[in-house]
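Take a look at the letters that make up each chain.
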Amino acid sequence: MDKAGPIIIVEDDIDDQEILKDILAELSVPNEILFFKNAIDALSHLNSTEITPFILFSDFNLPRMTGVELKDEIRESANDRIKSVPFIFFTTAAPKNVVFEAYLKNAQGFFLKPNSFTELKKLIETIIKYWSCSQPTN
């Protein structure tokens, strides 16, 4: 994790991307925000850059590769730099077995997206503040 690194968001819903972009702007988050519509493109980016992200938010249900499959690929990677990035699942709904599976894969968090913009903003702010206080790996 690099606190000055970009925030990676893997989200296939364009409306959700726009909402998250607005929230991060309102919170004056200084990090670059990189959106990916699918996990394959996000993984390709992570493997092709030397820049270490600050945090990675991933939807659970994604086209072509699920969020859990993305987490597996990162966890099994030989690249320790990307293994150290906090991986947060951020999804609309999830049964308990899905949440359990995510934590078995060493996810650092699993959050359901609130329906309210205000509540979503509070949640994003809390997550970012938490990881901003954590010791970086760089």
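Whatever comes next refers back to the structure up there.
Residues numbered from 1 in each chain as written. Predicted model: local features only at pLDDT ≥ 70, side-chain atom pairs only at ≥ 80, totals over all residues. Heavy atoms only, no water.

## Let's talk about the packing of helix H1 (residues 14-26) against helix H6 (residues 117-133)
For the pair H1 and H6, the least separation of the axes is 10 Å and the interaxial angle reads 60 degrees. Of the two elements, H1 crosses H6, and the hand of that crossing is right-handed. Facing H1, whose interface residues are Ile 19, Leu 20, Asp 22, Ile 23, Leu 24 and Glu 26, H6 presents Phe 117, Leu 120, Lys 121, Ile 124 and Ile 128. Tallied by class, residues from the contact of H1 with H6 come to 8 nonpolar, no polar and 3 charged. (Axes fitted to C-alpha atoms, helices over the stretch in contact; angles between N-to-C directions. Helix = DSSP H or I, 4+ residues; strand = E, 2+ residues; numbered from the N terminus. Left-handed = near helix turned anticlockwise from the far one by under 90°. Contact = heavy atoms within 4.5 Å. Nonpolar A, V, L, I, M, F, W, Y, C, P; charged D, E, K, R; others polar.)

## Some details on the pairing of strand S3 (residues 55-58)
Going residue by residue along S3, you find Ile 55 and Phe 57 tucked away on one face and Leu 56 and Ser 58 tucked away on the opposite face as well. Note that strand S1 (residues 7-10) and S3 share 4 bridges and pair parallel. Within the sheet, the bridge partner assigned to Ile 9 lies in S3 and is Phe 57. Bridge count between S3 and strand S4 (residues 87-91): 3 bridges; the pairing is parallel. From the neighbouring strand, Phe 57 faces S4, where its bridge partner is Ile 88. (Buried < 20%, exposed > 50% of the residue type's maximum accessible area, 1.4 Å probe, protein only. Pairing = 2+ DSSP bridges.)

## Some words on the side chain of Ser 77
Relative to the elements of secondary structure, Ser 77 occurs in the loop between helix H3 (67-75) and helix H4 (80-83). Contacts of Ser 77, omitting those with residues within four sequence positions, involve Asn 47, Ile 82 and Lys 83.

## Overview of the sheet that holds S4
Strand order across the open sheet formed by 5 strands is S2-S1-S3-S4-S5, with parallel pairing between neighbours. Each of the sheet's edge strands pairs with one partner strand only, and the pair in question is strand S2 (33-36) and strand S5 (109-112). Put simply, the sheet's adjacent strands are angled 20 degrees from each other on average, direction ignored. When S1 meets S2, the two strands line up parallel, connected through 4 bridges. By the bridge assignment, Val 10 is partnered in S2 with Phe 36. Relative to S2, helix H2 (residues 39-48) is tilted by about 135 degrees, and along the sheet it contacts S1, S2 and S3.

## Here's the deal with the packing of aromatic side chains
Under the counting rule described, the total for this entry stands at 6 aromatic pairs. Between the aromatic rings of Phe 57 and Phe 90, the centroid separation amounts to 5.7 Å while the plane-to-plane angle is 70 degrees, which identifies the pairing as edge-to-face. In this pair, Phe 57 is assigned in strand S3 and Phe 90 in strand S4, connecting sequence segments 33 residues apart. Both residues of the pair, Phe 57 and Phe 90, count as buried. Three or more aromatic residues joined by ring pairs form one cluster here, namely Phe 60, Phe 87, Phe 89 and Phe 110. (Phe/Tyr/Trp six-rings, centres within 6.5 Å; stacked < 30°, edge-to-face > 60°.)

## Focus on the nonpolar core
One finds Val 10, Leu 56, Leu 70, Ile 74 and Phe 89 to be the most contacted residues of the largest nonpolar core, which totals 23 residues. Looking at this core, the elements that each hand over two or more residues are S1, S2, H2, H3, S4 and helix H5 (96-104). Considering each element in turn, this core owes the most residues, 4 residues, to H2. Leu 20, Val 29, Phe 54 and Phe 90 belong to the second largest nonpolar core, which has 19 residues in total. (Core = buried A, V, L, I, M, F, W, Y, C linked by side-chain atoms within 4.5 Å.)

## Some words on H2
Residues separated by three or four positions in an α-helix point in the same direction, a consequence of the helix having 3.6 residues per turn. For H2, the set of buried residues is Ala 39, Ala 42, Leu 43 and Leu 46. Seen end-on, H2 carries its buried residues on one side only, within an arc spanning 95 degrees. Check the buried side of H2 and you find it contacts S1, S2, S3, H3 and H4. At the N-terminal end of H2, a side-chain oxygen is found 3.1 Å from the backbone nitrogen of Ile 40, two or three residues along, and the residue is Asn 38. (Arc of directions from axis to C-beta. Polar contact = N/O pair within 3.5 Å; in protein donor to acceptor, adjacent residues only side chain to side chain.)

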